[in-house]
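# Descriptive analysis of the structure
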Amino acid sequence: MRHLTIQTTYAAFTNQGFLLNEVSLGADLVLTGSSLSALRTQIVEDNLYQLSSKASRQTIATAVIDRLEPLDDTYLAFLAEGSLELRKLSNLVLILLRHRLLREFIAEVINEQLLRFSYELKKADINAFFERKQIQVPELAEWTEQTIGKSRRNILTICSDAGLIEASIKGNYRIRPQYVPRALRDALDELGLEALLPLLLDQGAVRA
């Protein structure tokens, strides 16, 4: 596997979701011999994921291939053949590598709650995070309110789809700590990415 790097630029990622089924199917096809070029053709031209808009197919193709491109067979197998838990967390790692704002949201909001032994994620805390970031980060200060809103919804959806949180009442969420499978933990250690374990809400890392 090529070295996986953590990107430090901010992006809204408003048009990219969790895409677990799409990434898992793509990983299975690559693992069984498909090239990334052939996979792109299957997604865009053959409509592998049954999307009505060609623009959507192109967007999803780029997202899926970006995630799969640097992976070796071991990690591809996590996504294609692993348990649901392993597939979700392996996919989340690939998103975290690219999504700085998501990393900061988990670290500064969700993990801060866990450090206080609280499993409630309040709407007010979520709003405060985005308001603070718009003040602190020049790039985010230039985002429109529409972009901020879409980014907020995207981040919450990714965290929900990954199993880190679940909707509660009145816009609040319940935090769901995880137990990272040993195979994924070992892979992150080998890649020098063990710092991502707290962002997976790993019980062995959050309070370490």
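In short, a report on the structure. (Residues numbered from 1 in each chain as written. Predicted model: local features only at pLDDT ≥ 70, side-chain atom pairs only at ≥ 80, totals over all residues. Heavy atoms only, no water.)

Glancing now at the overall build of the protein chain. Assigned secondary structure in the protein chain consists of 10 helices and three strands. N-terminal to C-terminal, the α/β element order of the protein chain is α-α-α-α-α-α-β-α-α-α-β-β-α. Expected size for 208 residues packed as a compact globule is a radius of gyration near 17 Å; at 17 Å, the protein chain falls within 12% of this value. By principal-axis analysis of the C-alpha atoms, the protein chain measures approximately 45 × 40 × 30 Å. Of all intrachain contacts in the protein chain linking residues separated by at least 6 positions in sequence, the fraction that spans at least 24 positions is 68%. When the accessible surface of the protein chain is split by element, carbon and sulfur atoms take 47% of a total near 10,100 Å². Each charge class in the protein chain can be summarised by its mean position, and for the 24 positive and 26 negative side chains these summaries are 7 Å apart. (Helix = DSSP H or I, 4+ residues; strand = E, 2+ residues; numbered from the N terminus. Rg over C-alpha atoms; globule rule 2.2 N^0.38 Å. Contact = heavy atoms within 4.5 Å. Areas by Shrake-Rupley, 256 points an atom, 1.4 Å probe, with all protein chains shown as cover. Lys, Arg positive; Asp, Glu negative; His and termini not counted. Charge placed at Lys NZ, Arg CZ, Asp CG, Glu CD.)

As a further point, take the packing of helix 1 (residues 20-31) against helix 3 (residues 54-68). Relative to each other, helix 1 and helix 3 sit at 60 degrees, their axes nearing to 10 Å. In terms of axis orientation, helix 1 runs oblique to helix 3. Pair helix 1 / helix 3 crosses with right-handed handedness. Residues Glu22, Val23, Gly26, Ala27 and Val30 of helix 1 lie in contact with helix 3, whose contacting residues are Ile60, Val64, Arg67 and Leu68. In terms of residue class, the contact of helix 1 with helix 3 is built from six nonpolar, one polar and two charged. (Axes fitted to C-alpha atoms, helices over the stretch in contact; angles between N-to-C directions. Parallel < 35°, antiparallel > 145°, perpendicular 65-115°, else oblique. Left-handed = near helix turned anticlockwise from the far one by under 90°. Nonpolar A, V, L, I, M, F, W, Y, C, P; charged D, E, K, R; others polar.)

A word on the pattern of salt bridges. If you walk through the whole model with that rule in mind, you get eight salt bridges. As a salt-bridge pair, lysine 133 and glutamate 104 come within 2.9 Å of each other at their nearest N and O atoms. Residue lysine 133 is located in helix 7 (residues 123-136), and its partner glutamate 104 is located in helix 6 (residues 100-115); the two are separated by 29 residues in the primary sequence. The two residues lysine 133 and glutamate 104 agree in class, both being buried. Residue glutamate 108 pairs with lysine 133 through a salt bridge whose shortest N-O separation is 3.1 Å. Note that glutamate 108 is positioned in helix 6 and lysine 133 in helix 7, a separation of 25 residues in sequence. Within the structure, one salt-bridge network assembled from shared partners comprises Arg100, Glu104, Glu108, Arg132 and Lys133. (Salt bridge = Lys/Arg side-chain N within 4 Å of Asp/Glu carboxyl O. Buried < 20%, exposed > 50% of the residue type's maximum accessible area, 1.4 Å probe, protein only.)

Turning to the environment of glycine 33, a few remarks are in order. Relative to the elements of secondary structure, glycine 33 occurs in the loop between helix 1 and helix 2 (36-44). Among the residues examined, glycine 33 registers a relative accessible area of 64% and is labelled exposed. Sequence separation between glycine 33 and arginine 174 is 141 residues; the distance between their C-alpha atoms is 41 Å.

This part is about the sheet that holds strand 3 (residues 173-175). Where strands meet in a sheet, backbone hydrogen bonds hold them as pairs that are either parallel or antiparallel. An order of 1-3-2 is seen for the three strands of this open sheet, with the pairing classed as antiparallel. Sheet topology places strand 1 (120-121) and strand 2 (165-167) at the edges, where each strand pairs with a single neighbour. Where helix 9 (residues 145-161) meets the sheet, its contacts fall on strand 2 and strand 3, and the angle it forms with strand 2 comes to roughly 110 degrees. (Pairing = 2+ DSSP bridges.)

What follows is about the packing of helix 5 (residues 84-96) against helix 6. Between two packed helices, what matters for the description is the angle formed by their axes and the separation of those axes. Following both chains from N to C, one finds helix 5 and helix 6 inclined at 115 degrees, their axes separated by 8 Å at the closest point. Judged by the angle between their axes, helix 5 and helix 6 are roughly perpendicular. Touching Leu92, Ile95 and Leu96 of helix 5 are Leu102, Arg103 and Ile106, all from helix 6. Class assignment for the residues of the contact of helix 5 with helix 6 results in five nonpolar, no polar and one charged.

The biggest cluster of nonpolar side chains holds 68 residues, and the ones touching the most others in it are Leu68, Leu92, Phe105, Ile106 and Leu200. Setting aside residues no more than four positions away along its own chain, phenylalanine 105 makes contact with Ile110, Leu121, Ile126, Phe129, Phe130, Ile155, Leu156 and Cys159. (Core = buried A, V, L, I, M, F, W, Y, C linked by side-chain atoms within 4.5 Å.)

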